[in-house]
Amino acid sequence: MTTPEHPMHDIADSDPEAHRIAQPASTPEELRAALALIAPDALPTFDAERAAALRQSREQVSAAPMRRFVGQWAVYVAVERHPDRAARLRALEARAAETDDLHEARELAAEIGRILDKACAEAGIDQEQGAA
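Residues numbered from 1 in each chain as written. Predicted model: local features only at pLDDT ≥ 70, side-chain atom pairs only at ≥ 80, totals over all residues. Heavy atoms only, no water.

Novice: Explain the packing of helix 3 (residues 64–80) against helix 5 (residues 102–123) to me, using residue names and the numbers behind them.
Specialist: The geometry of a pair of packed helices is captured by two quantities: the angle between their axes and the separation between those axes. It is the contact of helix 3 with helix 5, at a shortest axis distance of 8 Å, that shows an interaxial angle of 110°. Overall, the two elements helix 3 and helix 5 adopt an arrangement that is roughly perpendicular. In this structure, helix 3 meets helix 5 at a crossing whose hand is right-handed. Contacts between helix 3 and helix 5 involve Ala74, Val75, Ala78 and Val79 on the former and, on the latter, Leu116, Ala119, Cys120, Glu122 and Ala123. The class makeup of the residues in the contact of helix 3 with helix 5 is eight nonpolar, no polar and one charged. (Axes fitted to C-alpha atoms, helices over the stretch in contact; angles between N-to-C directions. Helix = DSSP H or I, 4+ residues; strand = E, 2+ residues; numbered from the N terminus. Parallel < 35°, antiparallel > 145°, perpendicular 65-115°, else oblique. Left-handed = near helix turned anticlockwise from the far one by under 90°. Contact = heavy atoms within 4.5 Å. Nonpolar A, V, L, I, M, F, W, Y, C, P; charged D, E, K, R; others polar.)

If you want it as structure tokens, here you go:
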């Protein structure tokens, strides 16, 4: 018996941290394959941003634009593969865009930061090194 490359999990699983796929390798191909499973609506944006990053890398004779692109999408996949986490992040972002209360805005920003920190860790992004 073989294990699928991207095993699907029951989204209605009672485990609140259940996710739909394992975190893929941080390559454009693996990230695109993961997106096709968990967020197919994001594929046109992914493809357009990938083309732009490739163009910038060639123009600058630098891998930095592609590293940034891969890092950003690896974090996006890390969030989206957890349906509850993704929904919570969207709700927090929507509320943050509406609030005029500074205290609430700080609390929202802190929770958004915690979600993104966890996603960065899962994606293998070393935040101490900063963006490439």
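Novice: Tell me about the packing of helix 1 (residues 28–38) against helix 3, residues and numbers included.
Specialist: Between helix 1 and helix 3, the shortest axis-to-axis distance is 10 Å and the interhelical angle comes to 30°. Comparing their axes, helix 3 and helix 1 come out roughly parallel. Pair helix 1 / helix 3 crosses with left-handed handedness. Here Pro28, Leu31, Ala34, Leu35 and Ile38 of helix 1 lie close against helix 3, whose contacting residues are Met66, Phe69, Val70, Trp73, Ala74, Tyr76, Val77 and Glu80. For the contact of helix 1 with helix 3, the per-class residue count stands at twelve nonpolar, no polar and one charged.

Geometry only, nothing functional implied.
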